[in-house]
Amino acid sequence: MKQIQDKNTDWLFEITPKNNFFSLNFKEVWQYRDLLTLFVKRDVVTAYKQTVLGPLWYLIQPLFTSITFTIIFNNLAGINTGAVPPFLFNLAGITIWNYFTACLTGTSNTFGANAGIFGKVYFPRIIVPLSIVVSNLLKFGIQFVIFIVFYFYFYFQGAQISFNSWSLLFPVLIVLMGILGLGLGMIISSLVTKYRDFSYLISFGVQLLMYVSAVVYPIALVQEKMPEYAWLVQYNPLAYIIESTRYMLLNVGEISLQGLVYTVVVAIVLFLAGVLLFNKTEKSFIDTV
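So, here is what we can say about the structure in this document. On a predicted model such as this, the values are computed, not experimentally measured, just so you know. (Residues numbered from 1 in each chain as written. Predicted model: local features only at pLDDT ≥ 70, side-chain atom pairs only at ≥ 80, totals over all residues. Heavy atoms only, no water.)

Topic: the packing of aromatic side chains
Under the defined criterion, the tally for this structure stands at 17 aromatic pairs. Here F73 and Y211 contribute two aromatic rings whose centre-to-centre distance is 6.3 Å and whose plane-to-plane angle is 45°, an arrangement assigned as tilted. Of this pair, F73 sits in helix 3 (residues 57-76) while Y211 sits in helix 9 (residues 197-211), placing them 138 residues apart in sequence. Exposure remark for F73: the relative accessible area of 17% places this residue in the buried category. Taking relative accessible area as the criterion, Y211 reaches 37% and is therefore assigned partly exposed. Between W97 and F100 the ring centres are 5.3 Å apart and the planes differ by 40°, which places this aromatic pair in the tilted class. Separated by 3 residues within a single helix, W97 and F100 lie in helix 4 (residues 86-107), roughly one turn from each other. Assessed through its relative accessible area of 3%, W97 is described here as buried. By way of ring pairs, the aromatic residues Y99, F140, F144, F147, Y151, F152, Y155, F156, F163 and F170 are connected into one cluster. (Phe/Tyr/Trp six-rings, centres within 6.5 Å; stacked < 30°, edge-to-face > 60°. Helix = DSSP H or I, 4+ residues; strand = E, 2+ residues; numbered from the N terminus. Buried < 20%, exposed > 50% of the residue type's maximum accessible area, 1.4 Å probe, protein only.)

Printed below as a string of structure tokens:
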């Protein structure tokens, strides 16, 4: 949108298409920050609307999932978590994993879910997926508080867990998870406008991805028990984030600096690719959605 300099015309602004595919105008996004706030509020209110338990669902899901994983993978399958209680080990991985899946699934249908708004009024389209990533921070915050409650419970029960100097970098892991979810979500959202099949892949694709992201086991276990398949985890940037999360919060496992650098590079590449496809798709998606 640019202002017309001709004083004799009645038009003040002219809406013109973008000149390139890759365009992320942070200044324009900042100008629409109030709209971003409104979308965040909309997402939060919609999540609670017409529900019996409301935000309690955010607590029930990770707790029951952690209990189930503890029974199946630790008690039955015998996965050893060392000195860390298996329930807390699983809860740490599930908490940050849920933030990634919420960002991915929420942004993967951006064009389809907002076609009515996009077709009527102009605003930076990227604000919608950004609002989903931001609003999911509330859900993550609630679940992280539950993790802290159980953390101190097990700590005072004598569990050998502790924070360390790396714990200060935990917010960086959250940002990386958000960027990965946003980047992949924008890519999938762009593809879904033409290939509807991708929408069916998300539900079980995310479940499959969880099992190769070291959510319920340490990376070292895969390298020890199944070295021929270890590359599936080693090339997965999500696995390094989850492994680093447990090290920062529980002081178990290890941090791979090489793995974190690899994760940062992949996150940036996926985000840039997502913006590229997102900007390209928004020019013509209204004809296919």
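What follows continues from the structure just given.
Comments concerning a nonpolar patch on the surface
A grouping of M226, Y229, W231, L232 and Y235 is seen on the molecular surface, where their side chains present a nonpolar patch of about 560 Å² in accessible area. Within the secondary structure, W231 is located in helix 11 (residues 231-234). (Patch = residues over 30% accessible without salt bridge, like charges linked within 9 Å, V, L, I, M, F, W, Y side chains within 5 Å. Areas by Shrake-Rupley, 256 points an atom, 1.4 Å probe, with all protein chains shown as cover. Salt bridge = Lys/Arg side-chain N within 4 Å of Asp/Glu carboxyl O.)

Observations regarding the pattern of salt bridges
Summed over all chains, the structure comprises 2 salt bridges. Its salt-bridge partner being D43, residue R42 comes within 3.4 Å of it at the nearest N-O pair. Owing to a relative accessible area of 19%, D43 belongs among the buried residues under this scheme. Among the ionic pairs, E243 bridges to R246, the shortest N-O distance being 3.3 Å. With a gap of 3 residues between them, E243 and R246 both fall in helix 12 (residues 237-250), about one helical turn apart. Note on accessibility: E243 and R246 belong to one class, buried.

Re the packing of helix 4 against helix 12
At a closest axis distance of 10 Å, the pairing of helix 4 and helix 12 adopts a crossing angle of 130°. Compared by their axis directions, helix 4 and helix 12 come out oblique. Relative to helix 12, the crossing made by helix 4 is right-handed. Listed contacts from helix 12 to L88, F89, A92, G93, I96, W97 and F100 of helix 4 are L238, I241, I242, T245, R246 and L250. Taken together, the residues that form the contact of helix 4 with helix 12 break down as 10 nonpolar, 2 polar and 1 charged. (Axes fitted to C-alpha atoms, helices over the stretch in contact; angles between N-to-C directions. Parallel < 35°, antiparallel > 145°, perpendicular 65-115°, else oblique. Left-handed = near helix turned anticlockwise from the far one by under 90°. Contact = heavy atoms within 4.5 Å. Nonpolar A, V, L, I, M, F, W, Y, C, P; charged D, E, K, R; others polar.)

From the geometry alone we can't say anything about function, so treat these as descriptive.
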